[in-house]
Amino acid sequence: MFLKNAWYVAAWSHEVTRSLQQIVVLGEKICVFRNSQDEVIALEDACPHRKLPLSKGRIKGDNVECGYHGLTFDCAGQCVWAPGGGRIPSAAKVRPYPVHEKYGLVWIWMGNAAIADADDIIDIPNFDSPDWGINRGAAMELHCNYLLMCDNLLDPTHVAWVHESSFAQAATKDAPLKVTRTDNGVIVHRWMMDVEPAPFYKKIVEFDGNCDRLQHYEVRYPSHALIRAVFTPAGTGGPDGTLDEKTFVMDSYNFMTPTTETETRYYWFQLRNIRPDDEDLSRMMSEDVRHAFEEDRAVLNEVQVGMTTKTSPHIDLSIDAGQLRFRRQLEAMIAEERMVDEKMRA
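Figured I'd write up the structure that's included with this text. This structure is a prediction, so every number in the text was calculated from the model and none was measured.

This brings us to the sheet that holds strand S7 (residues 72-73). Taken in spatial order, the four strands line up as S5-S6-S7-S8 in an open sheet, and their pairing is antiparallel. Two strands in the sheet have a free side with no partner beyond their single neighbour: strand S5 (58-60) and strand S8 (79-81). Pairing geometry for strand S6 (residues 63-65) and S7, over two bridges, is antiparallel. Directly across from Glu-65, in S7, lies its bridge partner Thr-72.

All right, on to helix H5 (residues 321-345) then. For H5, which comprises 25 residues, the first-to-last C-alpha distance of 37 Å matches the rise-based estimate of 36 Å (1.5 Å per residue) to within 8%. Taken as a whole, H5 has its buried residues at Gly-322, Gln-323, Phe-326, Leu-330, Ile-334 and Glu-337. Packed against the buried residues of H5 are helix H1 (146-152), strand S13 (178-182), strand S14 (185-195) and strand S15 (211-220).

Turning our eyes to something else, we now look at the layout of surface pockets. Within this model, the largest pocket holds a volume of roughly 860 Å³. In this structure, the largest pocket is lined by 30 residues; those nearest its centre are Leu-148, Asp-151, Val-303, Met-307 and Gln-323. Those elements that provide at least two residues to the lining of the largest pocket are H1, helix H2 (159-162), helix H4 (279-308) and H5. It is H5 that provides the largest number of residues to the lining of the largest pocket, a total of six residues. For the lining of the largest pocket, a count of residues per class yields 16 nonpolar, seven polar and seven charged. For the lining of the second largest pocket, the elements supplying multiple residues, two or more each, are strand S10 (105-109) and H5.

What counts as what
- Residues numbered from 1 in each chain as written.
- Predicted model: local features only at pLDDT ≥ 70, side-chain atom pairs only at ≥ 80, totals over all residues.
- Heavy atoms only, no water.
- Pairing = 2+ DSSP bridges.
- Helix = DSSP H or I, 4+ residues; strand = E, 2+ residues; numbered from the N terminus.
- Expected span 1.5 Å × (residues − 1).
- Buried < 20%, exposed > 50% of the residue type's maximum accessible area, 1.4 Å probe, protein only.
- Contact = heavy atoms within 4.5 Å.
- 1 Å grid on protein atoms, 1.4 Å probe; cavity = no way out; pocket = protein on both sides within 12 Å on 5 of 7 lines; lining within 4 Å.
- Points joined across faces, edges and corners; volume = space filled by probe spheres on them.
- Nonpolar A, V, L, I, M, F, W, Y, C, P; charged D, E, K, R; others polar.

Here you go:
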């Protein structure tokens, strides 16, 4: 089940060029390329004549020519030439998808184009701030349903076992969690007071000794996550803390794009409030974070197999409260969207 009236990440901006290529979003095959004005164009990847993918054709100026019989489509998906002479059939068109570039990513709207509004794309404070550094990596292919990764990103507890060498510390096993529902998603969060920094962060923070640590795990509909890590010297954190001037903050943004029911493309980057121009730090963080995400991928790929082939019901624990709340609300949004679509078609 997918929510269609929403923005999803289609690609990194640098991945889309003047060459035709196919991407898959929500089970739909889409042909993407750049026109002569360097704008990203996204069209249904199937010529209406015999359904050869347009991505197997050619770019002709700002048009796309099918590689089978030469039907040619403009950037709005309308056929502007067909062989045989005479009138071009009215059905000779393909669906165009609204797209928008922001944050170095190409965003695509999969639902009703009439209500697509680029202002609804997630807001990312500090993205262009010279005071904040950034690190990122290539998109990852996950062999699991996108909601399993959403579950993972509403689950601070899993780090104690999956990420022992990076994000884990003793307090992550059983420190109490708080769940908050927002207008656009769910937050699972907790402060852990006077604890040793986790291995990954111990290499980065600019103070000695123990810390107060915030784990803020937030997933917004349909499948975008903000994971905020705050490390401040012990005694300065907590909900009412003053936060020390050496407090370290890392905002990790994660975008899960469903390709099929059991495949997901995962885009990510981190913003940090220290040493913005330190390329060695950015490189080290990217490598370590990608290693941690590989640990997630290995687990979730196997979870998908286990859930698909299970012979007995799975159970839920108290730590799953945020995940279950997110799924219930998303299911309600999808059901409402389908009801509206059915009424419009009636």
